[in-house]
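# Structure at a glance
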Amino acid sequence: YNGREKEESPQADSSSSGAGGASGLRNIGNTCFMNSVIQCLSNTKLLTNYLLNDEHVRDINTTNSSMKGSLIKAFATVIKGLWKGNGRVVDPSSLKGAVQRFAPRFSGYNQEDSQEFLRYLLEGLHEDVNRVITKPQPIHTEIDSSLSVCEQAMEAWKRYIRRDDSHLVDLFVGQLKSTLRCSDCNHESVTFEAFWDLSLGIPSKTGEVSLLDCLDTFTKEEVLDGDEMPTCERCKTRRKSTKRYTLYRLPKILVVHLKRFSPSERSRNKLSTTVTFPLNGLNLSRYTDSVSNSSYNCYAISNHSGTLYSGHYTAYAKHAQSGQWHSYNDSRVSKCSSSNVISNEAYLLFFELS
């Protein structure tokens, strides 16, 4: 049950790559959610190389990071262990300790949500290597709407990175554009927000949909009427409007969170729809204004099997050097075929810009 039927010894496959990256992680008490995310990040080569080459050390921010570098050091130790290539199972206890000092919600040994864990972990790692030594006050004034869309996007991005600027931001952060159009005078106004991952609803309750269907739903025009009517800049009064999202700035690493759990506490049902997508050459050009490259390749997936309350997390990830996919189930690692990795248990999808 829960993908635990493969009782191979951890050493079974680790010699396959020789270059490491195929070691398992000990489950130290319901920590499969953490192990699944670590294996996805371990196979994020732009992040792993940064740590293996100790580039993070000179970036450590001891001024305003609450962890003073201890979180990224603990994370780097685990990543180095996974890439030693000796096939030993790595114990992530010290990393778990550092994470719960940064985010006390992860104290104890409860099953947690892997997307929430990823969010907190990336935020903490970012804080540890933030290049901004003294954080300036945030600027809350409106961005001048007479500027071109491109200039407004640039100004919004500058406002973001004057407070938050790190190697993690370089890799994971993109920019969403939200366009409001007044149904009365057709005036358009834009706002921009940074994102670390995209949470996508699944438009069908059963069977199969494509990831592009999910993106179509996410970027679909939404009508704002009644209580939701915004004030039109031009009409100077509240008007029925439409709102739509596009991906303005595409990140080097795109993390997609499939919303399988319904947010209402009463019915935390789980959608087991299969969301299909090409592993290579996912083309996002129709969702973005960006003229640069918008083609992504999938290299890792965090899976959730079972129900919300008694579930289990595993991961699939593609080895950066050999291109071989592996299945990671806590301490057990085995080779697998790329044709197995898309299933109705996929929960977080990791893509890199091709």
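Attention in this report is confined to the structure presented alongside it. (Residues numbered from 1 in each chain as written. Predicted model: local features only at pLDDT ≥ 70, side-chain atom pairs only at ≥ 80, totals over all residues. Heavy atoms only, no water.)

## Side note on the pairing of strand E6 (residues 241-249)
Both strand E1 (residues 174-182) and E6 contribute to a ladder of 8 bridges, which runs antiparallel. Among the inter-strand pairings, Gln175 is bridged to a residue of E6, identified as Arg249. Across 3 bridges, strand E5 (residues 222-224) lies against E6 in antiparallel orientation. Counted as the bridge partner of Leu224 is Ser241 from E6. (Pairing = 2+ DSSP bridges. Helix = DSSP H or I, 4+ residues; strand = E, 2+ residues; numbered from the N terminus.)

## Let's talk about the layout of surface pockets
Any space left empty among the atoms is revealed by the rolling of a water-sized probe across them. The calculated volume of the largest pocket comes to roughly 740 Å³. Along its surface, the largest pocket is lined by 31 residues, and Glu142, Ile143, Val190, Thr191 and Phe192 are the ones closest to its centre. Secondary structure elements with two or more residues in the lining of the largest pocket: helix H6 (149-161), E1 and strand E2 (188-195). Partitioned by chemical class, the residues of the lining of the largest pocket number 13 nonpolar, 11 polar and 7 charged. (1 Å grid on protein atoms, 1.4 Å probe; cavity = no way out; pocket = protein on both sides within 12 Å on 5 of 7 lines; lining within 4 Å. Points joined across faces, edges and corners; volume = space filled by probe spheres on them. Nonpolar A, V, L, I, M, F, W, Y, C, P; charged D, E, K, R; others polar.)

## Looking at the environment of Lys259
Mapped onto the fold, Lys259 is located in the loop between strand E7 (253-258) and strand E8 (274-276). Between the alpha carbons of Lys259 and Ser322 there is a distance of 31 Å; along the sequence they are 63 residues apart. Beyond its immediate stretch of four places on either side in the chain, Lys259 contacts Ser199, Leu200, Gly201, Ile202 and Leu271. (Contact = heavy atoms within 4.5 Å.)

## Concerning the packing of aromatic side chains
Inspection of the entire model under this criterion finds 11 aromatic pairs. With 5.6 Å between their ring centres and 75° between their planes, Phe106 and Tyr120 make a pair best called edge-to-face. Separated by 14 residues along the polypeptide, Phe106 in the loop between helix H4 (93-102) and helix H5 (114-128) and Tyr120 in helix H5 bring together distant segments of the chain. By relative accessible area, Phe106 is classed as buried at 3%. Exposure remark for Tyr120: the relative accessible area of 26% places this residue in the partly exposed category. Relative to Tyr245, the ring of Phe218 has its centre 5.4 Å away and its plane inclined at 10°; by these criteria the two rings are stacked. Of this pair, Phe218 sits in helix H8 (residues 211-218) while Tyr245 sits in strand E6, placing them 27 residues apart in sequence. By relative accessible area, Tyr245 is classed as partly exposed at 21%. Feature note: the residues Phe33, Phe106, Phe117 and Tyr120 constitute an aromatic cluster, connected by ring pairs. Positioned above the aromatic ring of Tyr109, the side-chain terminus of Lys96 is 4.4 Å from the ring centre. It is Arg249 that lies over the ring of Trp157; its NZ or CZ is 4.0 Å from the centre. (Phe/Tyr/Trp six-rings, centres within 6.5 Å; stacked < 30°, edge-to-face > 60°. Buried < 20%, exposed > 50% of the residue type's maximum accessible area, 1.4 Å probe, protein only. Lys NZ or Arg CZ within 6 Å of the ring centre and 35° of its normal.)

## Points about the pattern of salt bridges
Counted by the stated rule, this structure contains 15 salt bridges. Between Glu352 and Lys45 there is a salt bridge, with the nearest N and O atoms lying 3.3 Å from each other. One end of the pair, Glu352, is in strand E14 (residues 346-353); the other, Lys45, is in helix H2 (residues 45-52), and 307 residues separate them in sequence. With a relative accessible area of 35%, Lys45 lands in the partly exposed category. Among the salt bridges present, the one from Asp197 reaches Arg119, with a minimum N-O distance of 2.5 Å. Here Asp197 is found in the loop between E2 and strand E3 (198-200), whereas its partner Arg119 is found in helix H5, with 78 residues between them in sequence. Of the residues examined, Asp197 reaches a relative accessible area of 6% and is grouped as buried. (Salt bridge = Lys/Arg side-chain N within 4 Å of Asp/Glu carboxyl O.)

## A short note on the packing of H2 against helix H3 (residues 70-82)
Where H2 meets H3, the closest approach of the two axes is 9 Å, and the angle between their N-to-C directions is 100°. Judged by the inter-axis angle, H2 sits roughly perpendicular to H3. Facing H2, whose interface residues are Leu47, Thr48, Tyr50, Leu51 and Leu52, H3 presents Ile72, Phe75, Ala76, Ile79 and Lys80. Here the contact of H2 with H3 is built from residues that sort into 8 nonpolar, 1 polar and 1 charged. (Axes fitted to C-alpha atoms, helices over the stretch in contact; angles between N-to-C directions. Parallel < 35°, antiparallel > 145°, perpendicular 65-115°, else oblique.)

## Re the sheet that holds E2
Within the open sheet, the 4 strands sit side by side as E2-E1-E6-E5. Their pairing is antiparallel. In the strand order of this sheet, the two ends are held by E2 and E5, each with one partner. Direction aside, the axes of adjacent strands within the sheet are offset by 30° on average. Across the sheet, H6 touches E1, E2 and E6, and the angle it forms with E2 is around 30°.

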